[in-house]
Amino acid sequence: MAANAIDQTRRMLSLVTYLRERPGAHVADVARAFGITEDELISDLDVLPMCGTSFRGGDLLDIDTDGERIWWRNPDASGESTAEPLRLAADEATALLVAARAVATLPGLRESDRDALLRATAKLEAAAGEAAGASSRLSVTFESEGGVFADVDRAIAERRRLWLRYYSPARDELTEREVDPIRLFAVGHTYMEGWCHLSEARRTFRLDRVAEIRLLDERAEPPAIEPRDLSEGLVQPSAEDPEVVVEVGPGGRWVAEYYPHDSAEELADGGLRITLRTPDPGSLRRLALRLGREGRIVAPAELADSARSAAREALAGYGEQV
């Protein structure tokens, strides 16, 4: 099962100590020691050089790899004997305290993590002095997505099933389903990948479309499946998916930037004729309604007719005629 964000952070902290004691360690050996793939290890190593005691030269971790071995060029950067005491400016201390207090209120946060965060906050308040008083006059409230994220993160860590009320924009309806979560990831928005028991298939859920969420007592046991490769983006149409042709005016050219497509031909009026593929052509009816006069579905004919009917119904609600 893919690690969640908290597990990855814990692993990377352990990785720093591990690599400091093993200069020139082999990538394969380190990956095996941490129970991860070599690709996951390389991903961690890409993040570590952005960590350190400060962003000044020499304080960031200088770690790189040639694909076979891992080299730490400045191991003393994290050594207790040479590192300077961490000093925070008043604005930095205020920002940390406000953020820490806000995170501690998140629903779904594990009690052990909440307790550790509160202890760290108390120490920071003592060290911050007057800045701590300023931070107490500020507060942050997370939108609902933050609570959903915490519940999903906890479900992944505890391997528990989730119950969701989820809004599907393609069908414009709320559905109830049970999901075995696999991982959290972000591609523009934050998503959960999981095994959906309603559809009996792997599905991706956008967190800001979760209307309600509950952790269940049932153990989550998703099938052993490879995580999706997101290097090409979240939406990756297949060559077998139905083809749809959309024509947009100058105000609808953004469609070619937002939707993966096979071709985009220039039109005389400054618009585009876009050919794309989608496993659910019906979902593009909402796109046609959003475009209004700036776009229309050309093919297939049945989808074009359906989009026109949807437009008529929408206009009828405002007392207009097509």
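Residues numbered from 1 in each chain as written. Predicted model: local features only at pLDDT ≥ 70, side-chain atom pairs only at ≥ 80, totals over all residues. Heavy atoms only, no water.

The chain is annotated in an unreviewed UniProt entry as WYL domain-containing protein of Streptomyces yangpuensis.

### Some points on the overall build of the chain
A tally of helices and strands in the chain yields ten helices and eleven strands. The burial tally for the chain puts 36% of its 322 residues in the buried class. Total accessible area computed for the chain in this model is approximately 19,400 Å², and 50% of it derives from carbon and sulfur atoms. (Helix = DSSP H or I, 4+ residues; strand = E, 2+ residues; numbered from the N terminus. Buried < 20%, exposed > 50% of the residue type's maximum accessible area, 1.4 Å probe, protein only. Areas by Shrake-Rupley, 256 points an atom, 1.4 Å probe, with all protein chains shown as cover.)

### Here we look at helix α4 (residues 90-104)
For α4, built from 15 residues, the straight-helix expectation of 21 Å at 1.5 Å per residue is met to within 8% by its first-to-last C-alpha distance of 21 Å. For α4, the set of buried residues is Ala93, Thr94, Leu97, Val98, Ala100, Ala102 and Ala104. (Expected span 1.5 Å × (residues − 1).)

### Notes on the side chain of Arg183
As for its position among the elements, Arg183 is in strand β4 (residues 173-187). A relative accessible area of 14% means that Arg183 is categorised as buried. A polar contact of 2.6 Å, which involves the side chain of Arg183, links it to the side chain of Glu193. (Polar contact = N/O pair within 3.5 Å; in protein donor to acceptor, adjacent residues only side chain to side chain.)

### Side note on the nonpolar core
Soluble globular proteins tend to pack their nonpolar side chains together in the buried interior. Counting residues in each nonpolar core, the largest one holds 17 residues, and the members touching the most others are Leu19, Val30, Leu41, Leu45, Leu48, Ile63 and Ile70. Top contributing element to this core by residue count: helix α1 (residues 5-20), with five residues. Excluding residues within four positions of it along the chain, Ile63 makes contact with Leu19, Leu45, Leu48, Pro49, Ile70, Trp71 and Trp72. (Core = buried A, V, L, I, M, F, W, Y, C linked by side-chain atoms within 4.5 Å. Contact = heavy atoms within 4.5 Å.)

### Considering the side chain of Arg206
Note on placement: Arg206 falls in strand β6 (residues 201-206). One polar contact links Arg206 to Asp208, side chain to side chain, over a distance of 2.8 Å. The contact partners of Arg206, leaving out residues within four places of it in the chain, are Tyr166, His189, Thr190 and Tyr191.

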